[in-house]
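# Working through the structure, step by step
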Amino acid sequence: MRLKKSTILVFSLTLAVAILIPVLLRFVPYETRTHHISLQAKKYGYSPSRIVVNRGDTVVLRPTSLDVTHGFLLDGYPVEFIIKQQGLNFLKYNWKDDDGNLQTDWDKVSEIEFVADKSGKFTFRCTQTCGNLHPFMTGELIVRPNTAYHLFISLSIWLTLSLLWLFRVHSGPLFAGFKKINLLDHLPWLKRIVKLRSFQFLVILPNFVVFYLFILSALWGSPVGNRNIAIIFVWIAWWFVLKAVIVPLGGRFWCMICPLPAPAEWLSRRSFTAVRYLHKPFKGLHHRFTGLQKDWPKRISNIWLQNLLFLAMISFGIILITRPIATAFLFLVILAATLVLALIYRRRVFCLYLCPVGGFLGTYSMASMTEIRAIDPEVCRKHKEKSCYVGGEGGWACPWKQYPGKMKRNNYCGLCTECIKSCPKDNIGVFMRPFGSDRALSGYDEMFNAIIMLVVAIAFSVTMLGPWGFIKEAANVTESRQVIPFLIYLASLWGLTLLVVPGLFALTAKGAGRLAGGGINHRALTLRLAYILIPLGIFFWIAFSLPAVMTNYNYILSVLSDPLGLGWDIFGTANYPFNPFIPEWIPVIQGLLLLAGIYFGLSRGYLALGELIKDPRSRAMAMILPSLFALFVVNVLAKLYMG
Amino acid sequence: MSHQFLTISIAFLLLLSVPFQALAGSITGKISVKGLRSPANVLVYVTKAPGLSADLSNVKFTMDQKNLTFVPHILPVLVGSTVHFPNDDQVAHNVFSLSRAKKFNLGSYKPGTTKTVLFDKPGIVELRCDVHAEMSAYIMVMKNPYWAVSDAKGSFKIPDPVYLDQHGIKGVPDLPPGKYVIKTWHEKLKTAKKVVEVSGKGETAFRLDLKRGNPSVLYK
């Protein structure tokens, strides 16, 4: 994409203004004063949960705990202390001894005083394992002027308006990206590996061993979440890697290596690696499987069930990710479900239609940078046997019920590589492609999936990253026993995901249709516009999961040394201290991720429209309301993270 | 009779002290520390100096208990003094000491009540509370009244007129001219030792840089 000089000039000038306004706000005069705050710590929050001061103000805290021992570690400031009952606190201080080593001690104090000399948003976190939700016990110190946040608002508006303006004035192709590359051509070793019959078995095996050890650890290890390897590795390490690396780069790559349905598949095939090929097809496929060999009913061959199961799982999200036993239970239920379903149905019906994670992996894989596709569709068309779909001597029939010859989207391709092996024409490739390449949602089930993921990212940010103890208490029903608040929490979650936000989005799409000049199929337009939410959602989830790793990475190191929480110290890291990594930069990094979300959401959404609305003018008009919708949602999240 | 004698002798001593004061001096100084949040609560004392053979019956030393804390954290007293231990907290406390200079255990007692202990041997007495493990304080039983406890800025003055006045210790003259050994004590700092010459012309000032470590005993 080549821009005109005048266009670049306008962008630069408006960008300068967008940066200048928040920077000038720093020079608005204000007075400094001293704040005396009695800070109460209680499972799992502080009161006040949000402290707002001006830069240069003196903050005098008088902390006390209303239940157990809590901690207080302020991001970006050298303030750390332990809070006990009756106003008894231990303030940490450091000094360098004669050998230059840092030494630490604690002083008993009743007041903690510091000067808020850095502006921005700073989170304070509990440092003492105080209960199930301990990792989410936080509060916020806002030191005005919060320039980073003002800059974000200004830049998000600038970016949205600039993109809209660009859609309007630019006539040539936009955001072209690179031409997709067949990795199997470029990397002969990769081709040799994926052609191996034992490939899937070998990539699943290590995961299989580790995952089932996690289940054992979840069942018999420490019941304290942040001391159990299952919780830490699944919900902190794996979740982050899945969201931030696997999904954007590899799409459903996780489905390729997922150990959960593996036993079911081995049982159903009665084989770990080999293909059992029948010359005479049975019910359309050249294989016979263990069990009843039914096909999944057509009526529910969509992801509605996944949407509902995901919401059901997320309703107990904070319990699931803090209680090892709940995680073990989830895995065992999935294991049982895959085994039972494999004995009734052919192919991977659990993964396709039920797996709560599979739903969003499919939707988000539309944007991912990897795809498995036919190299030349013409070759497929002429190939009568369709071995990829019905099974061949070299590979099983596609477990995901896909026909690569006509497959245009990543959604339901589990990247299992069977087709690469079964295709006698060697016509299947593994391609690297630009981010956000599949752009057509096929139905409202997928649109709802995108909306659910977007709202849940916000809801989790409120519940887990936010400073509000009462929301955590409501979500943490098994401990707090507060049924009514929990029901309100559930109603808000389900209402927002299934009614309010979809409703707002439908209105936005309707308005977009009007602005575009009418005559466009409403359903098609809505589904195309919903594509904006996919890159946006991916960046939302990265922005949500990143702080968990940056602040809690120490638990990863400690559970490696003491996987069952039994007091072992295998690598000497069992007592690695809680020491968040550059936590004062978290809001800024999150802001940058959200800006990237706007850019990729709007630009890819615009491309998605390109295939539906040919006239550039009405296409640009159709983008206005959805862009403002995206801007609004992004700013909701930015308010939570930065404001 | 004895009362009269005492009055006369005190008056005589006071009279004597007038010319002495002209020829005597005090020691002032500043402490800086490495390894503590503040240079406060460091005891600075003269190891050998004239004792005070005065009546201690009007002298009141108090070690208070408030908000799960002993106040003050460090309390120097003259040997032979009685210290009051009022419980001004909302909960019961049980003050005890296992130190060689004075072993005692006051038992658990309720808010609003006071107990007393006589300290008759010089040395360090570490106070603890049976109920609250994190409570601790020190009573330093001193041979002579030439001491000071540093303030938040690390400053001190020996003898400490404010401290002596507060506790009702009267008639402590300034130090006669001569060489004195000054030592420090804090539970988390290495004891420092310095020889100071008091010239008899007002104040002798010096600085002390203290480091983290274990202190030694008060008197060898």
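Residues numbered from 1 in each chain as written. Chains lettered and ligands numbered in written order. Predicted model: local features only at pLDDT ≥ 70, side-chain atom pairs only at ≥ 80, totals over all residues. Heavy atoms only, no water.

### Concerning the overall build of chain B
The test is simple: Only DSSP runs of H or I covering at least 4 residues are called helices, and only runs of E covering at least 2 are called strands; the numbering of each starts at the N terminus. Buried residues are those whose accessible area, probed at 1.4 Å on protein chains only, stays under 20% of the maximum for their type, while exposed residues exceed 50% and partly exposed ones sit between those limits. Any two residues having at least one pair of non-hydrogen atoms within 4.5 Å are treated as being in contact. Per-residue and other accessible areas were derived by the Shrake-Rupley procedure at a 1.4 Å probe size, with only the shown protein chains allowed to occlude residues.
For chain B, the helix and strand inventory stands at 2 helices and 17 strands. Here chain B, with 220 residues, has 45% of them falling under the buried criterion. If you take every contact in chain B between residues at least 6 apart in sequence, the share linking residues at least 24 apart comes to 65%. A total accessible area of about 11,400 Å² is found for chain B, and carbon and sulfur atoms account for 56% of it.

### Thoughts on the nonpolar core
The cut-off we apply is this: Here, nonpolar core means buried Ala, Val, Leu, Ile, Met, Phe, Trp, Tyr and Cys residues that are tied together by side-chain atoms lying within 4.5 Å of each other.
Judged by nonpolar contacts, the single largest core of 193 residues is most densely connected at A:F72, A:L141, A:F167 and A:F540. What A:L141 contacts, discounting residues up to four positions off in sequence, is A:I51, A:V53, A:L74, A:Y77, A:F114, A:G120, A:K121, A:F122 and A:F124. By size, the runner-up hydrophobic cluster in this structure holds 64 residues, among which are B:M63, B:I74, B:V77 and B:L106.

### Points about the sheet that holds strand β1 (residues 34-42) of chain A
Strands pair in a sheet through their backbones, by hydrogen bonds, and they do so in one of two ways: parallel or antiparallel. Residue and element names in this part refer to chain A. Heads up, the condition is: Two strands are counted as paired when DSSP detects at least two bridges linking them. Note on geometry: axes are C-alpha line fits, over the in-contact stretch for helices, and angles between N-to-C directions span 0 to 180 degrees.
An order of β2-β1-β4-β9 is seen for the 4 strands of this open sheet, with the pairing classed as mixed. Looking along the sheet, the strands with just one partner apiece sit at the ends: β2 (45-47) and β9 (112-115). Neighbour-to-neighbour, the strand axes of the sheet open up by a mean angle of 30°, direction not taken into account. When strand β4 (residues 58-65) meets β9, the two strands line up antiparallel, connected through 4 bridges. The residue bridging V60 from the neighbouring strand is E113, located in β9.

### Topic: the interface of chain B and chain A
A common way to report how large an interface is uses the accessible area buried once the components associate. Note the cut-off: In this description, buried area is defined as the sum, over both parts, of the accessible area (probe of 1.4 Å) that is lost when the two are combined. Each salt bridge in this description consists of a side-chain nitrogen of Lys or Arg and a carboxyl oxygen of Asp or Glu lying within 4 Å of one another. Polar contact is the term for a pair of N or O atoms within 3.5 Å; when the atoms are in protein, one must be able to donate a hydrogen and the other to accept it, and sequence-neighboring residues count only if both atoms are side-chain atoms.
The partner chain A presents 14 residues to the 13 residues of chain B that form the contact. A buried area of about 1,200 Å², summed over both sides, lies between chain B and chain A, and 50% of it is on carbon and sulfur atoms. Counting across the interface, chain B meets chain A through 5 salt bridges. At the junction of chain B with chain A, the criterion picks out 7 residue pairs in polar contact (both at pLDDT 80 or more).

### A closer look at the environment of A:K42
Within the fold, A:K42 resides in strand β1. Look past the residues within four positions of A:K42 in its chain and what remains in contact with it is A:L66, A:D67, A:H70 and A:M137.

### What to know about the domain arrangement of chain B
Residue and element names in this part refer to chain B. Just so we agree on the cut-off: Bear in mind that the domain bounds are from an automatic or database domain assignment. When residues are sorted by character, Ala, Val, Leu, Ile, Met, Phe, Trp, Tyr, Cys and Pro go into the nonpolar class, Asp, Glu, Lys and Arg into the charged class, and all the rest, Gly among them, into the polar class.
According to the domain assignment, chain B contains domain 1 (1-52 + 148-220) and domain 2 (55-143). Every contact between the two is made by 16 residues of domain 1 and, on the other side, 17 residues of domain 2. For the pair domain 1 and domain 2, the summed buried surface comes to about 1,500 Å²; carbon and sulfur atoms form 73% of the total. When residues of domain 1 are sorted by the area they lose upon contact with domain 2, H167, W185 and Y219 head the list and together hold 34% of the total. Linking domain 1 with domain 2 are 0 salt bridges, by the criterion used here. Connecting domain 1 to domain 2 are 4 residue pairs in polar contact (both at pLDDT 80 or more). Looking at the side of domain 1 that touches domain 2 residue by residue, the class counts come to 10 nonpolar, 5 polar and 1 charged.

### Structural notes on the pairing of strand β7 (residues 89-96) of chain A
Residues and elements named next belong to chain A. One ladder, built from 3 bridges, connects strand β6 (residues 80-83) with β7; its direction is antiparallel. The residue of β7 that forms the bridge with I83 is N89. Hairpin connection of β6 to β7: 5 residues between the antiparallel strands, including Q86 at a positive phi of 55°.

### Section: empty space enclosed by the protein
All names here are of chain A. Defined as follows: For cavity detection a 1 Å grid was placed over the protein atoms alone, and a set of points counts as a cavity when a 1.4 Å probe fits there but cannot get out; an open set counts as a pocket when protein lies on both sides within 12 Å along at least five of seven lines, with lining residues being those that have an atom within 4 Å of a point. Grid points are joined across faces, edges and corners, and a volume is the space filled by probe spheres set on the points.
Scanning all chains against the criterion turns up 8 cavities of 30 Å³ or more. For the largest cavity, the calculated volume is near 630 Å³. The element that contributes the greatest number of residues to the lining of the largest cavity is helix α22 (residues 533-561), accounting for 8 residues. Residues that form the lining of the largest cavity fall into these classes: 27 nonpolar, 13 polar and 5 charged. The space that makes up the second largest cavity amounts to roughly 260 Å³. Lining the second largest cavity are 23 residues, and of these W254, C258, L260, C355 and V357 lie nearest its centre. Breaking the lining of the second largest cavity down by element, the ones donating at least two residues are α6 (229-250), α7 (253-257), α11 (324-344), α12 (349-354) and α13 (356-365). Taken together, the residues that form the lining of the second largest cavity break down as 19 nonpolar, 2 polar and 2 charged.

### Examining the packing of α22(A) against helix α24 (residues 616-642) of chain A
Helix packing for two helices is described by the angle between their axes and how far apart those axes are. Residues and elements named next belong to chain A. For clarity, the cut-off: Note that the term roughly parallel is reserved for angles under 35 degrees, roughly antiparallel for angles over 145, roughly perpendicular for angles of 65 to 115, and oblique for everything else.
Orientation of α22 relative to α24, taken along the N-to-C sense of each, is 5°, at an axis distance of 12 Å. With respect to their mutual orientation, α22 and α24 come out roughly parallel. The residues of α24 that touch α22, namely those facing L533, L536, F540, A543 and F544, are F629, A630, V633, V634, L637 and Y641. Looking at side-chain class alone, the contact of α22 with α24 contains 11 nonpolar, no polar and no charged residues.

### Some words on α6(A)
All names here are of chain A. Selection rule: Expected helix span is computed as 1.5 Å times (number of residues minus one). Bend, at a single residue, is the angle you get between axes fitted to the 7 residues ending at that residue and the 7 residues starting at it.
Taking 1.5 Å per residue as the helical rise, α6 with its 22 residues ought to reach 32 Å, whereas the 25 Å between its terminal C-alpha atoms falls clearly short. Where α6 bends most, the angle comes to about 40°, and this point is L242. Burial analysis of α6 places 17 of its 22 residues in the buried class, which makes it a mostly covered element. The N-capping residue of α6, defined by a side-chain oxygen 3.0 Å from the backbone nitrogen of A230, is N228. Of the residues one or two after α6, G251 is the one with positive phi, at around 60°.

### Some details on the sheet that holds strand β14 (residues 428-432) of chain A
All names here are of chain A. Judged by pairing direction, the sheet is antiparallel, and its 3 strands sit side by side in the order β12-β14-β13 without closing on themselves. Looking at strand neighbours, the two that pair on one side only are β12 (181-182) and β13 (370-374), the edges of this open sheet. Strand direction decides the pairing type here: β13 and β14, joined by 5 bridges, are antiparallel. Bridging across to β14, E371 finds its partner in F431.

### Here's the deal with the packing of aromatic side chains
Residue and element names in this part refer to chain A. Short version of the rule: Only Phe, Tyr and Trp rings are paired, with Trp represented by its six-membered ring, and only when their centres lie within 6.5 Å; those with planes under 30 degrees apart are stacked, over 60 edge-to-face, the remainder tilted.
Using the criterion set out here, one finds 51 aromatic pairs over all chains in the structure. An angle of 45° between the planes, with centres 5.1 Å apart, marks the rings of F211 and F331 as tilted. Highlighted residues: F211 in helix α5 (residues 199-220) and F331 in helix α11, separated in sequence by 120 residues. Accessibility classification places F211 together with F331 in one group, the buried group.

### As for the pattern of salt bridges
On inspection of all chains with the given rule, the structure shows 32 salt bridges over all chains. For B:R212, the salt bridge identified is with A:D105, shortest N-O distance 2.4 Å. Separated into two different chains, B:R212 in the segment after β17 (202-211) and A:D105 in strand β8 (residues 102-109) make up a pair that spans both. B:R212 sits in the partly exposed class, given a relative accessible area of 25%. A:E611 serves as the salt-bridge partner of A:R528, at 2.6 Å between the closest nitrogen and oxygen. One end of the pair, A:R528, is in helix α21 (residues 522-529); the other, A:E611, is in the loop between α23 (586-610) and α24, and 83 residues separate them in sequence.

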